[in-house]
Amino acid sequence: MIEVVDLTKTYKKITVVDHMNLYIEPGEIVGLLGPNGAGKSTAIAMISTLIKPTKGDVLLQQKSVINDQSALREVLGVVPQEIALYSDLTARENLQFFGSIHKMPKTKLKERIDVVLEEIGLQNEQKKLVKHYSGGMKRRLNIGVALLHEPEYLIMDEPTVGIDPQSRNHILETVKKLNERSNTAIIYTSHYMEEVEFLCNRIYIIDKGRVIASGTKDEIKAILSSEKTIRLKLEKPSKQLVEDLTMQPMLSNILAKEAEITFTVAKDTNFLPMILTLCDQQKIALKSFQIEEPSLEDVFLHLTGRALRN
Ligand SMILES: Nc1ncnc2c1ncn2[C@@H]1O[C@H](COP(=O)(O)OP(=O)(O)OP(=O)(O)O)[C@@H](O)[C@H]1O
């Protein structure tokens, strides 16, 4: 098990990771969900011992790895947010180069490269130069590099940023299969709620360097058990209606996106007559209204008053 205890990082008096506590057990997928700048990358740079914490500790099997990283490096793979590949080499050559850093024996390395190319779905493209790869293929190879030494734990820092939806799905499926087939434990950071919901057994919601909620999806959503989320679909966007809704004390977390408005209300509130009256007064056609299951996005909004993504 890897444990993070009161992990803190301060740059020039600004605390960007603030007494963070979390753990990951063998074989599980844990999500760190938070908006840009929440401190996720800084936290995982400390967990993977790339930077030193100002305070706190990282433990592997209850032993600190801050001053002696060797045991952690053997069992941990890190997929950085930035692509770290040689673009004038092929995929196979990149894997050979990074494998040689791990000082793996030649035959073992060849075996691992074949397995990894299969895991990331690049067998047929392995002889292409990386500079001719799509963004999604580069991201997959970036993951492959971290898998060469068969890590028990893998940290992935926003591995789907900046790629098309199809490549994104491919990466999500790769991560899921990797966990199922090899039982690799994964710490997955993202600001995409859908990815974290799809992949993770447990989730830590991070904001301003702090863990503001943690648990299974159901445990986290239970934070909102006394509220319901409503989605209104209008014929066309209405600024006036959004303003009027904002004035209603029974509604909170009002978000408008084009002709859709969402808000939360206490579970037993009868809000519908008020909405119908407002639409009637302003001659707004209401296409539909739905009561929704709360999402992790709603929990974030409830806890911080801000949306996860702007
Ligand atoms: N070396 C540094 N010196 C000063 N401030 C830093 C440094 N590294 C990070 N920060 C600040 O720490 C905060 C957290 O950054 P971090 O990259 O960890 O967030 P994040 O959640 O990973 O966001 P993103 O998804 O944008 O990478 C940001 O405000 C950032 O500007």
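Remember, it's a predicted structure, so these values are computed and weren't measured experimentally.

### Focus: the sheet that holds strand E14 (residues 286–292)
Then, in step 1: The strand order E12-E13-E11-E14 describes an open sheet built from 4 strands, whose pairing is antiparallel. Each of the sheet's edge strands pairs with one partner strand only, and the pair in question is strand E12 (251–257) and E14. Neighbour to neighbour, the strand axes of the sheet diverge by 20° on average, direction disregarded.
Then, in step 2: Where E12 and strand E13 (residues 260–266) come together, 5 bridges link them in antiparallel fashion. By the bridge assignment for E13, Ser252 is matched with Thr264.
Then, in step 3: Sheet strands in contact with helix H10 (residues 272–281) are strand E11 (227–234), E12, E13 and E14, and its direction is about 160° off that of E14.

### Focus: the site of the ligand
Then, in step 1: Neighbouring residues of the ligand: Tyr11, Val16, Pro35, Asn36, Gly37, Ala38, Gly39, Lys40, Ser41, Thr42, Gln81 and Glu158.
Then, in step 2: One of the backbone nitrogen or oxygen atoms of Gly39 is found 2.9 Å away from an oxygen atom of the ligand.
Then, in step 3: At a separation of 2.9 Å, an oxygen atom of the ligand approaches a polar backbone atom of Lys40.
Then, in step 4: Its free accessible area being 630 Å², the ligand has 58% of it covered by the protein chains.
Then, in step 5: The dominant element in the shell around the ligand, judged by the number of residues it contributes, is helix H1 (residues 40–47), at 3 residues.
Then, in step 6: When grouped by side-chain class, the residues that make up the shell around the ligand number 4 nonpolar, 6 polar and 2 charged.

### Some remarks on H1
Then, in step 1: With 7 of its 8 residues buried, H1 lies for the most part within the structure.
Then, in step 2: Every buried residue of H1 is accounted for by Lys40, Thr42, Ala43, Ile44, Ala45, Met46 and Ile47.

### Considerations on the pattern of salt bridges
Then, in step 1: Taken as a whole, this structure holds 14 salt bridges when the rule is applied.
Then, in step 2: With a closest N to O distance of 3.4 Å, Lys128 and Glu125 form a salt bridge.
Then, in step 3: For Glu125, a relative accessible area of 26% corresponds to the partly exposed category.
Then, in step 4: For Glu195, the salt bridge goes to Arg168, with nearest N and O atoms at 2.7 Å. In this pair, Glu195 sits in helix H7 (residues 193–199) while Arg168 sits in helix H6 (residues 165–182), placing the two residues 27 residues apart along the sequence.
Then, in step 5: Look at Glu195 and you get buried, because its relative accessible area is 1%.
Then, in step 6: Because the salt bridges share partners, they merge into one network encompassing Arg231, Lys233, Glu260 and Glu292.

### Quick notes on the environment of Ala213
Then, in step 1: With respect to the helices and strands, Ala213 occurs in strand E10 (residues 210–215).
Then, in step 2: Distance in space between the C-alpha atoms of Ala213 and Ile203 is 8.1 Å, their sequence separation being 10 residues.

### Digging into H10
Then, in step 1: Of the positions making up H10, those classed as buried are Met274, Ile275, Leu278 and Cys279. Buried residues of H10, viewed axially, fall in a sector of 130°; they line one side. Exposed residues pointing more than 90 degrees away from the buried face of H10 are listed as Asp280 and Gln281.
Then, in step 2: For H10, the secondary structure elements touched by its buried residues are E11, helix H9 (239–246), E12, E13 and E14.
Then, in step 3: Following H10 by one or two positions, Lys283 adopts a phi angle in the positive range, close to 55°.

### Observations regarding the UniProt feature "domain: ABC transporter" (unreviewed entry) in the protein chain
Then, in step 1: In the numbering adopted here, UniProt assigns the feature "domain: ABC transporter" (unreviewed entry) to residues 2–233.
Then, in step 2: Across residues 2–233, helical content stands at 35% and strand content at 29%; the span's end C-alpha atoms are separated by 45 Å.

Each value, and the rule that gives it
Residues numbered from 1 in each chain as written. Predicted model: local features only at pLDDT ≥ 70, side-chain atom pairs only at ≥ 80, totals over all residues. Heavy atoms only, no water. Pairing = 2+ DSSP bridges. Helix = DSSP H or I, 4+ residues; strand = E, 2+ residues; numbered from the N terminus. Axes fitted to C-alpha atoms, helices over the stretch in contact; angles between N-to-C directions. Contact = heavy atoms within 4.5 Å. Near = heavy atom within 4 Å. Polar contact = N/O pair within 3.5 Å; in protein donor to acceptor, adjacent residues only side chain to side chain. Areas by Shrake-Rupley, 256 points an atom, 1.4 Å probe, with all protein chains shown as cover. Nonpolar A, V, L, I, M, F, W, Y, C, P; charged D, E, K, R; others polar. Buried < 20%, exposed > 50% of the residue type's maximum accessible area, 1.4 Å probe, protein only. Salt bridge = Lys/Arg side-chain N within 4 Å of Asp/Glu carboxyl O. Arc of directions from axis to C-beta. UniProt positions renumbered as here; feature names shortened; annotations may be inferred.

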